[in-house]
Amino acid sequence: MMIRLLAALALFSMTFGDPASNKVTSIESLEEAEMAHTNTKAEEFLRRGASSHTDNWAVLVCTSRFWFNYRHIANTLAVYRSLKRLGMPDSRIILMLADDMACNPRNVEPGAVYADDVQRLDLYGDSIEVDYRGYEVNVESFIRVLTGRHKAGTPPSKRLQTSAGSNVLIYMTGHGGDEFLKFQDSEEISSKDIADSIAQMWEKRRYNEILFLVDTCQAGTLFKHIYSPRLLGVGSSQVGENSYSWGHNSYVGLSTSDRFTFVLLQQLEEVYLGSTKSLMDLFRAFDPRRLMSTPAFMTDHWRHRTLSQVLITDFFGATVTVETGLPPHPLRPRAAAAPPA
């Protein structure tokens, strides 16, 4: 009996790793890992317990209120627009916006939100579908979305109706710190809350793979306690580091994008339906010199395939070919120092 117990513990450790040892690595160490062989037993174990990829879903969350956090709303809407351009329907996107900058009385162009003042693309538009807005965006609602544990009467449009074959993109932006992210400037979600929610998702077979992107100060610390398999975590900064906004929009009167998300969007605008660009191609673009912080990568529990095998469209886009009619919108850099996000 003791031998069987020790063998089971060894397999668990080999497969899921030690939550306390989650490493946030550099792009160089990611490339080294790509060259190394994955653990064969762990890989076989994970493949036996997982379904094939069937569909894509996204949960996009802006946790900040108030006019001076305009860029966090713009960050989220820009990612939303990229997903729509690549064919993902609103029925597969849960959009959570803590404030409505388009209707803010200080907005010089009511009804519009911009991520830059060069191309001047309105991100709000006429076809946006916000699923949670204002005070609906809180820690409880976010955890309920991930775990599927909703109150009776919650409409389907507010539910993440995924399955064991679903790839899920989780994008979060706002103000954070060491192992926490603030919601509405009144409450916080911790790294342990996130880890437990994702563990429930895995136990309930609510995902095939997860790509978890966070743009906030000390973003990498939010991955510290995650122990569920088949998850990639990418943060805009590591422990003790700030994340920074990109320049200053004199027309709007403040910054309209954060550096990490700005670089992400530049790369996404080069992706098209049928593109062969991989996640490794995307991650290489997160240059610390541009971000003014060190990006954090958590790959401890991603052992079933290399990042070069994972297409960007495995998460950003539809799983069927859809002609959206939306052209790419290249973003031109406008370098400037900016306050912490």
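Rules used throughout
- Residues numbered from 1 in each chain as written.
- Predicted model: local features only at pLDDT ≥ 70, side-chain atom pairs only at ≥ 80, totals over all residues.
- Heavy atoms only, no water.
- Helix = DSSP H or I, 4+ residues; strand = E, 2+ residues; numbered from the N terminus.
- Buried < 20%, exposed > 50% of the residue type's maximum accessible area, 1.4 Å probe, protein only.
- Contact = heavy atoms within 4.5 Å.
- Areas by Shrake-Rupley, 256 points an atom, 1.4 Å probe, with all protein chains shown as cover.
- Pairing = 2+ DSSP bridges.
- Right-handed = clockwise from strand over helix to strand, strands pointing away.
- Polar contact = N/O pair within 3.5 Å; in protein donor to acceptor, adjacent residues only side chain to side chain.
- Phe/Tyr/Trp six-rings, centres within 6.5 Å; stacked < 30°, edge-to-face > 60°.
- Axes fitted to C-alpha atoms, helices over the stretch in contact; angles between N-to-C directions.
- Parallel < 35°, antiparallel > 145°, perpendicular 65-115°, else oblique.
- Left-handed = near helix turned anticlockwise from the far one by under 90°.
- Nonpolar A, V, L, I, M, F, W, Y, C, P; charged D, E, K, R; others polar.
- pLDDT = per-residue confidence, 0-100.
- Salt bridge = Lys/Arg side-chain N within 4 Å of Asp/Glu carboxyl O.

A.B. asks: Explain the overall build of the protein to me, and be specific about the residues and the numbers.
C.D. replies: For the protein, the helix and strand inventory stands at nine helices and ten strands. The buried share of the protein, reckoned over its 341 residues, is 56%. Within the protein, counting contacts between residues at least 6 apart in sequence, those at least 24 apart form 79% of the total. When the accessible area of the protein is evaluated, it comes to approximately 14500 Å², of which 54% is carbon and sulfur surface.

A.B. asks: Could you give an account of the pairing of strand β2 (residues 93-97), naming the residues involved and the relevant values?
C.D. replies: Counting buried positions along β2 gives five out of five residues, so the element sits mostly inside the fold. With five bridges connecting them, strand β1 (residues 55-62) and β2 associate as parallel partners. Within β2, the position partnered with V59 by the bridge is I94. At this point the chain moves from β1, through helix α4 (residues 70-85), to the parallel β2, and the crossover so formed is right-handed.

A.B. asks: I'd like to hear about the sheet that holds β2, residue by residue, with values.
C.D. replies: Strand order in this open sheet of seven strands is β3-β2-β1-β4-β8-β9-β10, and the pairing throughout is mixed. Two strands close off the open sheet at either side, each with one partner strand: β3 (132-133) and β10 (296-298). Judged from the two bridges that link them, β2 and β3 form a sheet pairing that is parallel. In the strand pairing of β3, M96 is matched with Y132.

A.B. asks: Pulling in residues and values, what's your account of the side chain of S293?
C.D. replies: Along the polypeptide, S293 turns up in the loop between α9 (288-291) and β10. The class for S293 is buried, based on a relative accessible area of 6%. From its side chain, S293 meets the backbone oxygen of S236 in a polar contact 2.7 Å long. Setting aside chain neighbours within four positions, we find S293 in contact with S236, S237, E241, N242 and P288.

A.B. asks: Hey, could you go over the packing of aromatic side chains for me, with residue numbers and the actual values?
C.D. replies: Inspection of every chain in the model, using the stated rule, returns eight aromatic pairs. Geometrically, the ring pair formed by F142 and F183 is tilted, given 6.2 Å between the ring centres and 40° between the ring planes. In this pair, F142 is assigned in helix α5 (residues 139-147) and F183 in strand β6 (residues 180-183), connecting sequence segments 41 residues apart. This pair shows no difference in class: F142 is buried, exactly as F183 is. Aromatic pair F260 and F286: ring centres 4.5 Å apart, planes at 20°, arrangement stacked. Residue F260 is located in helix α7 (residues 259-268), and its partner F286 is located in the loop between α8 (279-284) and α9; the two are separated by 26 residues in the primary sequence.

A.B. asks: Help me get a handle on the packing of α4 against α7, residues and values and all.
C.D. replies: In a packed pair of helices, the relevant descriptors are the angle between the two axes and the axis-to-axis distance. Packing of α4 against α7 leaves a shortest axis separation of 10 Å and a crossing angle of 15°. Classified by the angle between their axes, α4 and α7 sit roughly parallel to one another. In the crossing of α4 with α7, the sense of the turn from one axis to the other is left-handed. On the side of α4, the interface is formed by N75, A78, V79, S82 and R85, while α7 contributes T261, L264, L265 and L268. Across the contact of α4 with α7, the residue classes tally to five nonpolar, three polar and one charged.

A.B. asks: Please provide a residue-by-residue account of the confidence of the model for the protein, values included.
C.D. replies: As a general rule, the predicted coordinates of low-pLDDT regions are not to be interpreted in detail. Chain-level statistics for the protein give a pLDDT mean of 85 and a share of 79% at 70 or above. A low-confidence stretch, residues 5-21 (pLDDT under 50), is modelled with 22 contacts involving residues beyond four sequence positions or located in other chains.

A.B. asks: Explain the pattern of salt bridges to me, and be specific about the residues and the numbers.
C.D. replies: Across all of its chains, the model carries 14 salt bridges by this definition. Ionic pairing is found between D55 and R92, a salt bridge with its closest N-O pair at 3.8 Å. With a gap of 37 residues between them, D55 in strand β1 and R92 in the loop between α4 and β2 connect regions that are remote in the sequence. Salt-bridge contacts for R85 lead to E269; the nearest nitrogen and oxygen are separated by 3.4 Å.

A.B. asks: Explain the side chain of H304 to me, using residue names and the numbers behind them.
C.D. replies: Here H304 lies in the segment after β10. Judged by relative accessible area, which is 5%, H304 ranks as buried.

A.B. asks: An account of the environment of V214 is needed here, citing residue identities and associated values.
C.D. replies: Looking at the secondary structure, you find V214 in strand β8 (residues 209-215). When the C-alpha atoms of V214 and T261 are compared, they prove to be 9.1 Å apart, with 47 residues separating the residues in sequence. For V214, the contacting residues outside a window of four places in its chain are M172, A219, L222, F223, V234, G235, S236 and F260.

A.B. asks: Please set out the pairing of β8 residue by residue, giving values where relevant.
C.D. replies: Summarising burial for β8: seven of the seven residues are buried, a large majority. Of the two faces of β8, the one lined by E209, L211, L213 and D215 and the one lined by I210, F212 and V214 are each fully buried. As paired elements, strand β4 (residues 166-173) and β8 share seven bridges and run parallel to each other. Bridge pairing links T173 to D215 in β8. Taken together, the five bridges between β8 and strand β9 (residues 231-235) define a ladder with parallel strand orientation. Across the sheet, residue I210 finds its bridge partner in β9, namely L231.

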